[in-house]
Amino acid sequence: MPITFNLRHLEEDSLQVVGELPAAELELETMDELIKASHPLIYDLEVQILENAILARGLLKLTLDCECVRCLKPFSFQIQLPEWACHLPLEGDDKVAVVNDCVDLTPHIREDIVLAFPQHPLCEPDCSGLVKTQKKAEKGSGTATKPESPSSAWSALDKLKL
Ligand SMILES: [Zn+2]
């Protein structure tokens, strides 16, 4: 079931469009081999007519099963778009497709969900990869173990001279 609504239901009042969409309907599986979308998309939208256009806005939420690009650890990544909004003209060249008075929001939602995918899925922002898993424990125990980049070493030296 795609995420559709009937325009006739919008004639007098705004419409709540709430539910879950099976991930398969979003057709995301070919996106990235490190990212699997197996959980349903949760949506809670308000749809209204606004000057010859449809305005849909609300919450989109999707949990992805990812694999870390550095350490290959599986982890969950949650896409949460609490203020998603979509403006669909009912007239003109860009007007939205209406079939039997119904409008399908699914392709527009898919577009923005895809944009929210992690570019390089990391289990943690500072994941150090496969080899040095024990390094995280050392974090904060001093700067001696952490190699400084040449530029910052030099700038530190400059400060000393002053
Ligand atoms: Zn990792």
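Up top you'll find the structure we're talking about.
Residues numbered from 1 in each chain as written. Predicted model: local features only at pLDDT ≥ 70, side-chain atom pairs only at ≥ 80, totals over all residues. Heavy atoms only, no water.

**Quick notes on the overall build of the protein chain**
Helix and strand content of the protein chain: four helices and eight strands. Along its sequence from the N terminus, the protein chain presents helices and strands in the succession β-β-α-β-β-β-β-β-β-α-α-α. Per-residue burial for the protein chain yields a buried fraction of 28% across its 162 residues. With an accessible surface of roughly 11,000 Å², the protein chain has 53% of that area assigned to carbon and sulfur atoms. (Helix = DSSP H or I, 4+ residues; strand = E, 2+ residues; numbered from the N terminus. Buried < 20%, exposed > 50% of the residue type's maximum accessible area, 1.4 Å probe, protein only. Areas by Shrake-Rupley, 256 points an atom, 1.4 Å probe, with all protein chains shown as cover.)

**Remarks on the pattern of salt bridges**
Tallied over the entire structure, the rule returns one salt bridge. Residue arginine 8 pairs with aspartate 101 through a salt bridge whose shortest N-O separation is 2.3 Å. Here arginine 8, found in the loop between strand E1 (4-6) and strand E2 (15-21), pairs with aspartate 101, found in the loop between strand E7 (98-99) and strand E8 (102-104); they are 93 residues apart in sequence, far enough to count as distant. (Salt bridge = Lys/Arg side-chain N within 4 Å of Asp/Glu carboxyl O.)

**Focus on the coordination of the zinc ion**
All of the protein donors around the zinc ion are Cys68 (SG), Cys71 (SG), Cys123 (SG) and Cys127 (SG); their distances to the metal are 2.2 to 2.3 Å. Relative to the metal, the four donor atoms surrounding the zinc ion lie at angles of 106 to 115°, and the coordination shape comes out tetrahedral. Mapping the donors of the zinc ion onto the primary sequence yields the spacing C-x2-C-x51-C-x3-C. Of this pair, cysteine 71 sits in the loop between strand E5 (53-67) and strand E6 (74-89) while cysteine 123 sits in the loop between helix H2 (106-115) and helix H3 (135-138); the two residues are 52 residues apart in sequence, bridging distant segments of the chain. Relative accessible area serves as the criterion here: at 15%, cysteine 71 is assigned to the buried category. (Donors = N, O, S within 2.8 Å, 3.2 Å for Na, K, Ca; no water. Tetrahedral: all angles 85-135°; square planar, octahedral: opposite > 155°, others 65-115°.)

**Here's the deal with the nonpolar core**
If you look at the biggest cluster of nonpolar residues, it comprises 35 residues, and the most contacted ones within it are Phe5, Leu41, Val47, Leu105, Ile109 and Ile113. Of all the secondary-structure elements, those providing two or more residues to this core are E2, strand E4 (41-49), E5, E6 and H2. Apart from the residues lying within four places of it in its own chain, the contact partners of phenylalanine 5 are Leu10, Leu15, Val17, Val47, Ile54, Asp101, Cys102, Val103 and Leu105. (Core = buried A, V, L, I, M, F, W, Y, C linked by side-chain atoms within 4.5 Å. Contact = heavy atoms within 4.5 Å.)

**Focus on the environment of leucine 130**
Following the sequence through the fold, leucine 130 ends up in the loop between H2 and H3. Take leucine 130: its relative accessible area is 55%, and that puts it in the exposed class. For the pair formed by leucine 130 and cysteine 71, sequence separation is 59 residues and the distance between their alpha carbons is 4.4 Å. In this structure, leucine 130 is in contact with Arg70, Cys71 and Leu72, ignoring residues within four places of it in sequence.

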